[in-house]
Amino acid sequence: MANAYLQGVEISASQFLDIFHHYDHDGNGYIEGKELQNFIRELQQARKQAGLELTDKMKAFVEKYEQNADGKIGIIELVQILPTEENFLLFFRQQLKSCAEFMEAWRNYDADHSGYIEADELRNFLKDLLQRAKKPYDEKKLEEYTLTTLKIFDSNKDGKLCLSEMARLLPDQENFLLKFQDRNGYMDENELDALLKDLCEKNNKVLEVSKIPTYKSAIMALSDGGKLYRTELALVLCAEEM
């Protein structure tokens, strides 16, 4: 099935999801190692069988990862390679370019302040993105985009997106949840300091650099022995005011 989809001139949102799941064998949210090598080989074969040349982006991708046994790509990297219909996932990237913009969008579309973006809220978000981009759509297509996006990012399958799931839409360098740099699941005082400075630089109308020590002291009060875990940080960032 995935091979047939890879031969397409244009891939639908649901077909894209099937392709990703096909190659992400272990379900960890990445295509990596042997999974990535298999994808590269089968992508080249499928394009050849369909009589299609690799696009420039595909060629650059193959050149970068073909001999890289430790390579790893996620959803967003894949959607930039494949001829996905309307590049629907890239609408998120165009809207959410920084951590500050992400938090603004989160507060806007989490209309009931539940701490989650549910299907109806996500549908409104996607609808706004399509309208801003002046892309034609119908209700059936909007529903497909909504359900596909949920399936991609809803890692615990509860039918809604929490903060950490939505944050996967951000580029790695902007993803504040990836600021847990040593991957130990918590942030220490130095890492929090770096994050706050980053937020101040990108959103100085809300956060003042001179007040970083005050912000840091208040936030670290939530920590457990100097360790600020993701759940505590999410509560702070999603609050109405800080």
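Residues numbered from 1 in each chain as written. Predicted model: local features only at pLDDT ≥ 70, side-chain atom pairs only at ≥ 80, totals over all residues. Heavy atoms only, no water.

As annotated in an unreviewed UniProt entry, the protein is Calbindin from Cyprinus carpio carpio. The UniProt entry for the protein carries the following comment under Sequence similarities (unreviewed entry): "Belongs to the calbindin family." Quoted straight from UniProt, the Function (unreviewed entry) entry for the protein says "Buffers cytosolic calcium. May stimulate a membrane Ca(2+)-ATPase and a 3',5'-cyclic nucleotide phosphodiesterase." (UniProt positions renumbered as here; feature names shortened; annotations may be inferred.)

Undergrad: Could you clarify how one ought to interpret the overall build of the protein in this entry?
TA: Across its full length, the protein holds 13 helices and 6 strands. Looking at the protein residue by residue over its 242 residues, the buried ones come to 45%. Sequence separation of 24 or more characterises 58% of the internal contacts of the protein that already satisfy a separation of 6 or more. Summing over all exposed atoms, the protein offers an accessible surface of approximately 13,100 Å²; the carbon and sulfur share of this is 47%. (Helix = DSSP H or I, 4+ residues; strand = E, 2+ residues; numbered from the N terminus. Buried < 20%, exposed > 50% of the residue type's maximum accessible area, 1.4 Å probe, protein only. Contact = heavy atoms within 4.5 Å. Areas by Shrake-Rupley, 256 points an atom, 1.4 Å probe, with all protein chains shown as cover.)

Undergrad: Sorry, what's going on with helix α8 (residues 119-132) here?
TA: At 3.6 residues per turn, the α-helix brings residues three or four places apart onto the same side. Across its 14 residues, α8 extends 20 Å between first and last C-alpha, which sits within 8% of the 20 Å expected from 1.5 Å per residue. Just downstream of α8 lies K134, where phi reads positive at about 55°. (Expected span 1.5 Å × (residues − 1).)

Undergrad: Would you mind going over the UniProt feature "domain: EF-hand" (unreviewed entry) in the protein with me for this structure?
TA: When the UniProt feature table is mapped onto this chain, "domain: EF-hand" (unreviewed entry) is found at residues 11-46 and 97-132. Across residues 11-46, the secondary structure splits into 67% helix and 6% strand, with the terminal C-alpha atoms separated by 13 Å.

Undergrad: Is there a simple way to think about the packing of aromatic side chains in this case?
TA: The geometry of two aromatic rings is summed up by the distance between their centres and the angle between their planes. This structure, assessed with the given rule, holds 4 aromatic pairs. Taking the centre distance of 5.9 Å and the plane angle of 70° together, the rings of F39 and F61 count as edge-to-face. Pair noted here: F39 is in helix α3 (residues 34-49) and F61 is in helix α4 (residues 56-65), with a separation of 22 residues, a long-range link. Under the relative-accessibility criterion, F39 is labelled buried at 0%. Their ring planes at 50° and their centres at 5.1 Å tell us that F61 and Y65 sit as a pair that is tilted. Of the two residues, F61 and Y65 are both situated in helix α4; the distance of 4 residues between them amounts to about one turn of the helix. Taken together, the ring pairs in this structure connect Y23, F39, F61 and Y65 into an aromatic cluster. Between K72 and the ring centre of Y30, over which it is positioned, the NZ or CZ distance is 4.4 Å. Taking NZ or CZ as reference, K160 lies 4.3 Å from the ring centre of Y116, over its face. (Phe/Tyr/Trp six-rings, centres within 6.5 Å; stacked < 30°, edge-to-face > 60°. Lys NZ or Arg CZ within 6 Å of the ring centre and 35° of its normal.)

Undergrad: How should I be thinking about the pattern of salt bridges in this particular structure?
TA: Pairing is possible between side chains of opposite charge, provided their charged atoms come close. Under the definition given, this model contains 4 salt bridges. Between E143 and R123 there is a salt bridge whose closest N-O contact spans 2.9 Å. Placement of E143 in helix α9 (residues 139-153) and of R123 in helix α8 is noted, with a sequence separation of 20 residues between them. One salt-bridge network, held together by shared partners, links D120, R123 and E143. (Salt bridge = Lys/Arg side-chain N within 4 Å of Asp/Glu carboxyl O.)

Undergrad: Can you help me understand α9 in this one?
TA: Its 15 residues place the ends of α9 21 Å apart at the C-alpha level, agreeing with the 21 Å of an ideal helix rising 1.5 Å per residue. Along α9, the residues that are buried comprise L142, Y145, T146, T148, T149, L150, I152 and F153.

Undergrad: Looking at this structure, how should I read the nonpolar core?
TA: Generally speaking, soluble globular proteins have nonpolar side chains that are buried together. One finds F39, F61 and L82 to be the most contacted residues of the largest nonpolar core, which totals 44 residues. Ranked by residues supplied to this core, first place goes to helix α2 (residues 13-23) with 6 residues. Counting residues in hydrophobic clusters, the runner-up holds 8 residues, among them L192, Y215, M220 and L228. (Core = buried A, V, L, I, M, F, W, Y, C linked by side-chain atoms within 4.5 Å.)

Undergrad: I tried to follow the packing of α2 against α9 on my own but got confused; where do I start?
TA: Packed helix pairs are specified by the crossing angle of their axes together with the interaxial distance, meaning the distance between the axes. Where α2 contacts α9, the two axes come as close as 9 Å, and the packing angle between them is 15°. When the axes of α2 and α9 are compared, the pair comes out roughly parallel. Note that α2 runs across α9; the crossing there is left-handed. Between α2 and α9, the residues in contact are A13, S14, F16, L17 and H21 and E144, Y145, T148, K151 and I152, respectively. (Axes fitted to C-alpha atoms, helices over the stretch in contact; angles between N-to-C directions. Parallel < 35°, antiparallel > 145°, perpendicular 65-115°, else oblique. Left-handed = near helix turned anticlockwise from the far one by under 90°.)

Undergrad: How should the environment of Y137 be read in this particular structure?
TA: Within the secondary structure, Y137 sits in the loop between α8 and α9. For the pair Y137 and K127, spaced 10 residues apart in the sequence, the C-alpha separation amounts to 8.8 Å.

Undergrad: What's the story with the packing of α8 against α9 in this structure? I'm lost.
TA: For the pair α8 and α9, interaxial distance at closest approach is 9 Å and the crossing angle is 120°. Viewed along their axes, α8 and α9 adopt a mutual orientation that is oblique. Every pair of crossing elements has a handedness; the one defined by α8 and α9 is right-handed. Contacts between α8 and α9 involve A119, L122, R123, L126, K127 and L130 on the former and, on the latter, L142, E143, Y145, T146, T149 and L150. Broken down by class, the residue content of the contact of α8 with α9 amounts to 7 nonpolar, 2 polar and 3 charged. (Nonpolar A, V, L, I, M, F, W, Y, C, P; charged D, E, K, R; others polar.)

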